[in-house]
Amino acid sequence: MVYDSALTETARWNCYDAWPSKIEFASLEASANDVAVETITLQYEKLERKK
């Protein structure tokens, strides 16, 4: 789902028969003040845009 700044839904997709094919974790450093980013790649059988 995608929302605008007023928290109104502007787009929606339904994903069917999906599974993660790749997961990447950010390297963390105790002395750093960075945001940790995780990336997940999904494989799917069917994707429908509903809105």
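Conventions and cut-offs
Note on numbering: residues in each chain are counted from 1, in written sequence order. Note on the predicted model: pLDDT of at least 70 is required for a residue's local features to be given, and 80 or more for side-chain atom pairs to be given and counted; whole-chain, interface and lining totals, by contrast, use all residues. With hydrogens and water excluded, all non-hydrogen atoms of the structure serve as input to the side-chain values. Runs of H or I in DSSP of at least four residues are treated as helices and runs of E of at least two as strands, each being numbered from the N terminus. Atoms counted for the radius of gyration: C-alpha only. Globule rule: 2.2 Å times residue count to the power 0.38. Each residue is placed in one exposure class: buried if its accessible area under a 1.4 Å probe, protein chains only, is under 20% of its type's maximum, exposed if it is over 50%, and partly exposed if it falls in between. Only the protein chains shown count as covering a residue, and every accessible area follows the Shrake-Rupley method with a 1.4 Å probe. To count toward a patch, a residue needs a relative accessible area over 30% and no salt bridge; like charges are then connected within 9 Å, while nonpolar side chains (Val, Leu, Ile, Met, Phe, Trp, Tyr) are connected within 5 Å. Note on definitions: salt bridges are taken to be side-chain nitrogens of Lys or Arg within 4 Å of carboxyl oxygens of Asp or Glu. A 3.5 Å cut-off defines polar contacts: any pair of N or O atoms within that distance qualifies, except that in protein one atom must be a possible hydrogen donor and the other a possible acceptor, and neighbouring residues in sequence count only when both atoms are side-chain atoms.

*Asks:* Kindly report on the overall build of the protein chain, identifying the contributing residues and their values.
*Replies:* Check the secondary structure of the protein chain and you find 0 helices and 6 strands. From first element to last, N terminus to C terminus, the protein chain shows the α and β order β-β-β-β-β-β. Its C-alpha atoms give the protein chain a radius of gyration of 16 Å, clearly above 10 Å, the size a compact globule of 51 residues would have. Across its three principal axes, the protein chain shows a C-alpha extent of roughly 45 × 35 × 5 Å. Every one of the 51 residues in the protein chain was classed for burial, and the buried ones make up 4%. Surface summary for the protein chain: the accessible area is close to 4700 Å², and the carbon and sulfur share equals 51%.

*Asks:* Pulling in residues and values, what's your account of a nonpolar patch on the surface?
*Replies:* There is a patch of nonpolar side chains on the surface, built from V2, W13, Y44 and L47 and spanning about 370 Å² of accessible area. Tracing the chain through its elements places L47 in strand β6 (residues 46–49).

*Asks:* So what about the side chain of E9? Which residues, and what values?
*Replies:* In this structure, E9 sits in strand β2 (residues 9–11). A polar contact is formed between the side chain of E9 and the side chain of R12, at a distance of 2.8 Å.

*Asks:* Account for the pattern of salt bridges, with residues named and values stated.
*Replies:* As enumerated under the stated definition, the model contains 4 salt bridges in all. Its salt-bridge partner being E48, residue K46 comes within 3.2 Å of it at the nearest N-O pair. On the accessibility criterion, K46 (42% relative accessible area) is partly exposed. Judged by relative accessible area, which is 21%, E48 ranks as partly exposed. Several salt bridges converge on common partners, so that one network encompasses K46, E48 and K50.

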